Every structure is written in structure tokens, then in C-alpha cells.
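# A structural walkthrough
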Amino acid sequence: MSQTLWQFHGGLKLPGHKALSNREPSIPAAIPERLFLPLQQHIGIASRPTVKIGEKVLKGQLIASAEGYVSVPVHASTSGTVIDIGDYPVAHPSDVDARCIVIEPDGDDVWVERRVPAQCDLLGPKAVNDMIRDAGIVGLGGAGFPSHVKVNEGVENVVDTLIINGAECEPYITCDDRLIRERADEVIAGASLISRTVQAKRCIVAVEDDMRDAYAALEKVLIGDIELAKVPAIYPAGGEKQLIFTLTGKEVPCGRLPIHIGIVMHNVATAAAVYRVVHYGEPLVSRYVTVTGSVVSPRNMQVLLGTPVGDLVDQCGRPDGPPKKVIMGGPMMGIPVQDERVPVIKTTNCILVTDALERGPQMPCIRCGDCVDVCPVNLLPQQLYWYARAQDFDTAQDLHLFDCIDCGCCAQVCPSNIPLVQYFFFAKSEIAAEEEARGSADRARGAYESRTARLAKDEAERARHLQQGDIGESRAKNDRGQKKAYIQAAIERTKAKRATAREREGSPKDNATVGPDRKSTPESNE
Amino acid sequence: MTSSMPGFAPDSEPHSVSSIMRQVLYALVPGIALYVWFFGFGIVINCLLATSVALVSEGIMLRLRKRPVTPFLTDGSAVVTAVLLALAMPPYAPWWVTSIAAIFAIVIAKHLYGGLGYNPFNPAMAGYALVLISFPAEMTTWPLPHMLSEMRPGFIDSAMIIFADQPTGALKLDALTGATPLAHVKSELGNMRMVSEAVGAPIFGMLGGKGWEWLSLGYLLGGVWLLYKKIIKWQIPVSMLAGLFIMAVVFYLSDPEIYLSPVFHLFSGATMLGAFFIATDPVTAATTPLGRIIFGAGIGILTYVIRAWAAYPDGLAFAVLLMNAAAPTIDHYTQPRILGEGRQ
Ligand code: SF4
Ligand code: SF4
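Here is a short report on the structure shown in this document. (Residues numbered from 1 in each chain as written. Chains lettered and ligands numbered in written order. Predicted model: local features only at pLDDT ≥ 70, side-chain atom pairs only at ≥ 80, totals over all residues. Heavy atoms only, no water.)

### Quick look at the overall build of chain A
In plain terms, the rule: Here a strand is any run of E in DSSP of at least two residues, a helix any run of H or I of at least four, and the numbering for each starts at the N terminus. To sort residues, take the accessible area from a 1.4 Å probe on protein chains only and compare it with the maximum for the residue type: under 20% means buried, over 50% means exposed, and anything in between is partly exposed. Two residues form a contact once any of their heavy atoms are found within 4.5 Å. Method for areas: the Shrake-Rupley scheme with a 1.4 Å probe, in which residue coverage is limited to the protein chains shown.
Scanning chain A from terminus to terminus reveals 16 helices and 17 strands. Considering chain A as a whole, with its 526 residues, one finds that 63% of them fall into the buried category. Restricting to contacts in chain A with at least 6 residues of sequence separation, those with at least 24 account for 74%. Accessible surface, chain A: about 19100 Å² in total, of which carbon and sulfur atoms supply 50%.

### Notes on the side chain of A:Asn300
All names here are of chain A. For the record, the criterion: For the purposes of these results, a polar contact is taken to be a pair of N or O atoms within 3.5 Å, where, inside protein, one atom must be able to donate a hydrogen and its partner to accept one; residues adjacent in sequence count only when each atom of the pair is a side-chain atom.
Note that Asn300 resides in strand β14 (residues 299–304). Residue Asn300 is classed as buried on the basis of its relative accessible area, which comes to 0%. Within the local environment of Asn300, its side chain forms a polar contact with the backbone oxygen of Ser21, the two atoms lying 3.3 Å apart. At a separation of 2.8 Å, a polar atom in the side chain of Asn300 contacts the side chain of Thr174. Apart from residues lying up to four places away in sequence, Asn300 is in contact with Ser21, Asn22, Pro25, Ser26, Ile27, Thr174, Cys175, Arg178, Val289 and Thr290.

### So, helix α14 (residues 235–254) of chain B
Since the α-helix packs 3.6 residues into each turn, any two residues three or four apart lie on the same face. Quick reminder of the rule: A helix is expected to span 1.5 Å for every residue after the first.
Helix length check: α14(B) (20 residues) gives 28 Å between terminal C-alpha atoms against 28 Å at 1.5 Å per residue, within 8%. All buried positions along α14(B) are accounted for by B:Gln235, B:Ile236, B:Pro237, B:Ser239, B:Met240, B:Leu241, B:Gly243, B:Leu244, B:Met247 and B:Ala248.

### Quick look at the site of ligand 2
Condition: Nearness is judged by heavy atoms alone; a residue qualifies as near a molecule or strand once a single heavy atom is within 4 Å of it.
Inspection of the region around ligand 2 gives 14 residues, with A:Cys375, A:Cys404, A:Cys407, A:Gly408 and A:Cys410 positioned closest. Within the residue set of the shell around ligand 2, elements represented by two or more residues are α12 (409–413) and α13 (420–438) of chain A.

### Describing the site of ligand 1
Heads up, the rule is: In this count, Pro and Cys sit with the nonpolar residues alongside Ala, Val, Leu, Ile, Met, Phe, Trp and Tyr, while Asp, Glu, Lys and Arg are called charged and the others, Gly among them, polar.
All residues in the neighbourhood of ligand 1 are listed as A:Cys365, A:Ile366, A:Arg367, A:Cys368, A:Gly369, A:Cys371, A:Gln382, A:Cys414, A:Pro415, A:Ser416 and A:Leu420. Considering only residue class, the shell around ligand 1 consists of seven nonpolar, three polar and one charged.

### Quick notes on the pairing of strand β5 (residues 62–65) of chain A
Residues and elements named next belong to chain A. Note the threshold: A pair of strands is considered paired only if DSSP assigns at least 2 bridges between the two.
Bridge count between strand β3 (residues 48–49) and β5: two bridges; the pairing is antiparallel. Residue pairing across strands places Arg48 opposite Ser65, the latter belonging to β5. Two strands pair when backbone bridges link them, and β5 and strand β6 (residues 74–75) are joined in this way by two bridges, in the antiparallel orientation. Residue pairing in the sheet places Ala64 in a bridge with Val74 of β6.

### With respect to the sheet that holds β5(A)
Read from one edge of the open sheet, three strands run β3-β5-β6 (chain A), paired in antiparallel fashion. The open sheet is flanked by β3 and β6 of chain A, the only strands paired with a single partner.

### Details of the state of the cysteines
As a reminder, the rule being used: Here, a disulfide means two cysteine sulfur atoms that sit within 2.5 Å of each other.
Counting across every chain of the model gives zero disulfides over all chains. The closest cysteine sulfur to the non-disulfide-bonded A:Cys316 is located on A:Cys350, 11 Å from its own sulfur.

### Examining the interface of chain A and chain B
The condition that has to hold: Two parts placed together each lose some accessible area under a 1.4 Å probe, and the buried area is that loss summed for both. Salt bridges are defined by distance alone: a side-chain nitrogen of Lys or Arg within 4 Å of a carboxyl oxygen of Asp or Glu.
On the chain B side, the residues contacting the 62 residues of chain A number 44 residues. Buried surface at the junction of chain A and chain B, summed over both partners, amounts to about 4600 Å²; 61% is from carbon and sulfur atoms. Its largest share of buried area at the contact with chain B, chain A owes to A:Glu251, A:Ile366 and A:Arg367, together 15% of the area lost on that side. For the interface between chain A and chain B, the tally reads four salt bridges. With a closest N to O distance of 2.5 Å, B:Lys233 and A:Asp370 form a salt bridge. For the interface between chain A and chain B, the tally reads 15 residue pairs in polar contact (both at pLDDT 80 or more). Sorting elements by how many residues they give to the side of chain A that touches chain B places helix α10 (residues 381–389) of chain A first, with four residues. Broken down by class, the residue content of the side of chain A that touches chain B amounts to 33 nonpolar, 15 polar and 14 charged.

### Let's talk about empty space enclosed by the protein
Residues and elements named next belong to chain B. Condition: A pocket here means an open set of points on a 1 Å grid, computed over the protein atoms alone, that has protein on both sides within 12 Å along at least five of seven lines. A cavity is instead a set of points where a 1.4 Å probe fits but cannot get out; residues with an atom within 4 Å of a point line either one. Grid points are joined across faces, edges and corners, and a volume is the space filled by probe spheres set on the points.
Going through the model one piece at a time under the given rule, you end up with 10 cavities of 30 Å³ or more. Here the second largest cavity defines a volume of roughly 490 Å³. If you trace the second largest cavity, you find 34 residues lining it, with Met21, Thr280, Asp281, Pro282 and Val283 closest to the centre. Where the lining of the second largest cavity is concerned, the elements lending two or more residues are α1 (17–39), α4 (77–88), α14 and α16 (271–278).

### Topic: the pattern of salt bridges
Residue and element names in this part refer to chain A. Evaluation of the coordinates by the stated rule reveals 28 salt bridges over all chains. Measuring nitrogen to oxygen at the nearest pair gives 3.7 Å for the salt bridge that ties Glu282 to Arg114. With Glu282 in the loop between α7 (268–280) and β13 (286–293) and Arg114 in the loop between β8 (97–105) and α2 (125–134), this residue pair connects regions lying 168 residues apart in the sequence. The partner of Arg181 in a salt bridge is Asp213, and the shortest N-O contact between them spans 3.3 Å. With Arg181 in helix α4 (residues 175–198) and Asp213 in helix α5 (residues 212–221), this pair connects stretches of sequence that are 32 residues apart.

### Details of the packing of helix α6 (residues 123–134) of chain B against helix α18 (residues 316–333) of chain B
All names here are of chain B. To be explicit about the condition: Geometry is summarised by axes, namely lines fitted to C-alpha atoms with helices restricted to the contacting stretch, and by angles between N-to-C directions that run from 0 to 180 degrees. The scheme is simple: roughly parallel for angles under 35 degrees, roughly antiparallel for over 145, roughly perpendicular for 65 to 115, oblique for anything else. Left-handed describes a crossing whose near helix is turned anticlockwise from the far helix through less than a right angle; right-handed describes the clockwise counterpart.
Between α6 and α18, the shortest axis-to-axis distance is 9 Å and the interhelical angle comes to 130°. With respect to α18, the axis of α6 lies oblique. As α6 runs across α18, the sense of the crossing is left-handed. Note on element contacts: α18 touches α6 through Leu316, Ala317, Phe318, Val320 and Leu321, opposite Met125, Ala126, Tyr128, Ala129, Leu132 and Ile133. Its residues assigned to classes, the contact of α6 with α18 shows 11 nonpolar, no polar and no charged.

### Examining the packing of aromatic side chains
What counts here: When the centres of two rings from Phe, Tyr and Trp lie within 6.5 Å, Trp using its six-membered ring, the rings pair. Their planes under 30 degrees apart give stacked, over 60 give edge-to-face, and anything left gives tilted. Charges are assigned to positions over rings by a cutoff of 6 Å between ring centre and Lys NZ or Arg CZ, combined with an angular limit of 35 degrees from the ring normal.
Tallying each qualifying case throughout the model produces 19 aromatic pairs over all chains. Measuring from ring centre to ring centre gives 5.6 Å for A:Trp386 and B:Tyr118, while their planes differ by 40°; the resulting arrangement is tilted. On the criterion of chain membership, the pair formed by A:Trp386 in helix α10 and B:Tyr118 in the loop between α5 (95–110) and α6 is interchain, its members lying in two chains. Aromatic side chains B:Phe251 and B:Tyr304 sit 5.7 Å apart centroid to centroid with 20° between the ring planes, which places their arrangement in the stacked category. Of this pair, B:Phe251 sits in helix α14 while B:Tyr304 sits in helix α17 (residues 289–309), placing them 53 residues apart in sequence. Ring pairs connect the aromatic residues B:Tyr35, B:Phe38, B:Phe39, B:Trp142 and B:Trp212, which therefore count as one cluster. A cation over an aromatic ring shows up here: A:Lys230 above the ring of A:Tyr215, its NZ or CZ 4.5 Å from the ring centre.

Pasting the structure below:
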């Protein structure tokens, strides 16, 4: 199918290293000795445990419920016993622990009773949306934004185009590729289901042009008037705004959401998950994860959520020699994992084991402009860097700091090895903290609208940290009362903000382009 | 900071500061080789001299400023500054003139402004401008190409001229030197002669001055290689040459007896060296894509203005310094439209 494509500014042709892991069919990963299920695996508010320590649970059983609208529940990914609810390491840029429900599997992997609606092809939008929410489905491409919120936006607005994103652009990662090849029918059925639910005029399933087998697999099972598209393999072709532009030539206005221009986007894995909940009643309890890099046999695995990454590395063959770095995610946007107990969560697409990614010493910016040429948003990274470093956050925002999608292209080409994205993350979190302290975002409100979700996340994060101080043994501090008040206030603010945001636009906010968070303290040897 | 964090290279080797500088030096090789062929070994000695002085100055400044010495000393930026400075200066300028220029370039123009990446003015051009203003006599004594002077000073002779101010035995300094083509035309025009009369002199070749035109071609070749290797971007060289060329065309067409031909402008003086090696210094240039075009065009136009109407035969150094000063403003007003900006 040939169609007009648009070319976004910048981007990088990166060595893909896809063949390393996409040759073998995926296999189910072993059930680990312990599953660590964080209460927050999504953007938004952390969920609330509904089980007690010692309780027996079945696979797919609800163990934590959604806290508010921008939140999703968590389910047990296998049958077993809840042995703890406490703080454990998770993949986080600041290496903080987070609240997890720990399950000791019984090895039987017994499902809870799965309820399938009688006529699942005739479900109304509300019913489908409720199922998506109750299944705990979030953007599986990495953003982790609750899917029901997006679907609901689609239901409430006119949707011109639904895009199902299979453009897996980051090097090494092939989980979507494998998923499409092995479950093309589910992807297409899910796409068609979402398309029907949001009443999209067009539905496009897009892959990168080097994913030939995936494309062929989709072609075979294509139904209705779903279109297929191949986009050039230029990183970050799968970025939300980049893919929308590539396929439609439309730009999502700064500070706005795709729905504003009549577009809804979901990841291919999300579409498949939606299909599985509607047709089999399966909540989200596992996902495809690429385990690659210098492991002995790199491949894709179907992994139970909560499985420690170390288990996966062992199952794919731990490389000999000194321990290597383990990165959750890809080489461009991933987070280094410091503790191998860190679990796979809903947004985990890849475990990359390598230490070939070291850069030389950081030098001063020589203003070469290479970063400017590759930025897919057409920002001026070196100027952003300059002002972020000088903590001149106002100017940084004038230069559209918040339109940065954290793709890392700029840092990738920087001859001075400057970890630019870390500086941007630092600036963003400082600004968010400032806004938080001021309690209002009246200045440059436009720029913030789409960040409501992000801010909500930050607030929730902060609240959670404080909560940990309240609940966690190791973190108990003296000023508990004060903290509790603070948490309460933060939650109130979040609610208020969300309410106003909804009033303003008549729908809740999303920012699916939020990249993974990063360390917030860039240092410099200049 | 060790980069255990994202944004790191999946084994596609990006440039590093030192690899960029190294390639710039490689790209200068054809120009320097032709320089030696036409004008003798002076340029080599000058390059070595300027480089030594620059490196010593750099080391001392890094120590004084308590900066890590090794990574910065080996980044190659001081060497590039020194070599460009030497290439801009008369090749037989006395050693102390070159040394002063190099010290000024590194100590004042670079380090007192914060070192690599922070200096607003091109250090080589700042050093050059300082000595041009301070020592006009030394800075306007240029050699003749060997076909005119009938001699090509070797290594020893060159060293004698530079360090002791006189060549050995048979060589006569006077016979070796003469006006550069640009300076010649300027003084002839000052004497109420026509361009057509001035360019009849034996120092003129096909495109520019004899010898000099070949140097320009050498720099052009190196510059094209840098473009090909993506070390420099096209905007500045192209817009600078275009700016100079268009100015020259307009005035040449208005009166070819007063104004030199556009081709002559392109292949004379420091045009090619400036377009590909000096104006393209990233630290001191504009950095937005449109900004680079304006920056380059500004240098081309100012170079022409100074050549045509100011007291100096060549104006590149001043044009570069003036545009350096304008670069931040240019950047400010030429920010690209980002994805989604201004869309409703
Ligand atoms: S790539 Fe690095 S050195 Fe070049 S302008 Fe950007 S930040 Fe500066
Ligand atoms: S990380 Fe941000 S600034 Fe850097 S290239 Fe990506 S979008 Fe542009």
C-alpha cells in the first residue's frame, strides 16, 4: 500500500541490532520465585492494595485498585501467596524504592474465573472502556498512560484517524516486532475493536520499513478498511508526534494532545491486550519483553509482570566475565538498573545487557549545532542546555523545554559527550517543583496543559515518597503528621488540577510522549 | 560524569571534539603543501612556532584556571587556533609577532572568556587583528611566489628570516617580498590607476594572485572534504562566498575599472581559508540553521566592504570578529519553528 508520507525534522539512522533478538520465536519466561508488582506501573496516581499479606491469590485476580480516573488497577500475574507489601527497588531514575506487592507463586499458574461478555463484538463504547480500565491496560509502548483515558477521549471527540503504533524505532528492541509476527490477528482485531469504539474514520497500523515479516504478517490478517503503513526506520519514527506527522502531515499543536487534531494513537501491544481482555477476559498480567545485548541467547520472552530482570538475564544466558550493565528499555531512552531484583512492569519493553555504551569524558559545548540538526522536534538543544545549566528556567521554557520528548538524539551526536537529556530532565523537574510550590501554573499555562498528566505523576510520586516515610519501616521519620498533611494537600491539588483541566478541555489529559524519568542531578566536570 | 545514563552511543561513533579538530587539520594539508611549494618553508615554521606557543599558553591557563589539563590540552582546539592564525599571518613575520598573536589568542581571547566553548570571538582572528593593528609594518610584509622572486627559502633560510630577521648569504629579503595582489590593487587604485592597469602586473594569475590562487584552491579542496565528512555544515561557507560574490558582482558590473572582479575576490586573500576554516568555527558562529546563513552572508558582505572601501586590503578578520559579536543576537531571532508550534 503506497501512501504519502511526511518526513519529520532531524532524527537518526541508528544501527538497529534487531536481528540479534528477533529471529527466534518468543517463549514464555519461567515463573520466578518471587513477583514484585509495583503499585505504580503507569502515569497517574498509584493504585491501592486490595489484598493483605498472607492472602492467597489467583492469576488475574485484582490485587490493587485504581485510585481515581488517571489510574489503573494491578492484577496478580500468577497464582500464589501475597508475602509482603512494602518498598522494593524498581526501575526509576532516582533509584528509589517503591511500594510493591510481593507474591510467592505456587507454581500452578491457576487463573481466576475469566468473564467474557456474551456478544463481545457488539459491546458499546462504555462497556469496552470499562473493560480496558478494569484490565489495567496502559500504553505498552513505554509511555504507560492509562489506555481507557485515551479511548474515552476518542469516544468523546470526533476521531479522524486511529493510529496503531508498531514503529519500534529504538535500537535493540524487537518485542513489538515479535508480537506482531506471532499475534498479528490479535493486533488487527484489537485495532478494529478500538477503531469501532472511538468511531475512527480511518485506522492505520504503522510499522517501520525494516520490519518486513511483521508487515507481511499483518497483511495476511487484514480486515475491514484498516490500512497498513511502512514508515522509514529513522529514530524516533515511533514517537507519538513524529509518527502522526509522518503519516498525516499534521502537527499536534504545542501543548496539545493528538485528539485535538482528531487523532488517537495506541501501541500494537496495547491493541492486542485490548483484544485479549474483550475476547478472553484476560487482564494485563504479562507482556513481551526483549532480552538482548550480550546475553548468550538474546530473544523475546512473554514475561509475567513482576518478574525480576535478573531472572530473565539468567534464562537468556548470563554473559561471562565481569558483570555488565543492565538497562531497562533501549539504549536511547532506557534506565540503568542498579539492582537485578527490579521487576518487569507494564511499560518494560526491553532488558539490554551491555557495557558498550560508555562515552568519553564530558567536554564543554562547542556549539557545533549537531544536536540542532538531529532534534526531531526542531528544538535548539545546545541553547536549552546552556539555560538549563545556568538554571535560567524561564528562558529554557521560552525555548520550548517542555516540548522535548527526551529521545536522546541530541546527546547521541554530541561530540562533547554532554548528557543533554539529563540536564533537560533536571530542568523539567526543577520547574515542576517550583510550580508545585507556587501552587499554580498560571504563567505559560498553554504550555502546561498537556503536562497535567506529567505533573500529576510528579505529585503522585512525591506523595508516594512521603507516604513511604509514613508507612515504610526504613523511612520512618519524625514529622509524620506534617507529611500526612502534605500528602493530603498534594492529592487534593492533583484532583483539583485534573478537574479544572477536564473542565477546560472537556476531557482529561494525556502526555503519552513522556519519556522515562532520569536522574535529576546532572553534574559537570567543566 | 561517566555516562551510565541514556543518550549513549549504540556503537555508531559520533564525532568527538578531538576528532573534529584532527580532521580540520588534515583538511588544511593541501593548502599548506601548496603554500610551501609557492612560498617556501616559512609557513611550516610559523605553524610550529604558533602551535608551541599556543600549547604552552593553553597549559598554563588550564593550570591557573584549575581545569583538567590533559583532556583540554589534547582536544586539539589550541592547535587548530594556532595553525589558522599562522596561515592568516605573513609567513615570514618575525617570531615575536607570531608569538604575541598566539598568546593573545589563547590567553585573552579564549581563556579569559571561559575557555573552549565560551569564547565569543574567534581566537585566531582576535590574535591576528591585534598584531595587524599593533605591528602594521611586520604584518604587511608578504613574500612573492617563487616564480617571481626566483627563490624558495628552505627550512634553514626560513628560520633565519623568522628568528633573526635575515636570510643566509645569497638571499635578499627585499627580493623575496612584495605586495599581495589585494594590496597592490588597493594602492594602484589609490594612485588613480584603473583596475585593468593594476591587474596587468606580473603578480596576477588566472583567478587571483599568482601562487595565492593555488592556495585558495587548496583550501577549497580541504573545505569540500570537511563538508563531505560532515565536520562543517554548508550554510556558513556557501552564504559567505555568496555574500562576497554577489557584492562583488554588483559593484563590478557598475564599474569594472574601480571594482575587482568577483572571481578575483573569491580566490584572493583569506576568502577560502575564511569561508571553510575560520568562519565555520562553531564556538563563535551562529548556530541556528538560518542564523548560520545570515552569519556567513554578513561575513562575506563585510569582507567586501572592508576590501573595497576601508584602509585594509583584506577585511576577513574584522568581518569575522564583527559577526562574532552579532552571533548571539542572530541566534535569538532565528529560532526554528518547532514541531507543532503555531498550529491550532
Ligand atoms: S552537539 Fe553538543 S557540543 Fe554540539 S552544539 Fe550540541 S551540545 Fe554543543
Ligand atoms: S532529547 Fe529533546 S532536545 Fe534532544 S533531540 Fe530529543 S527532543 Fe530534541
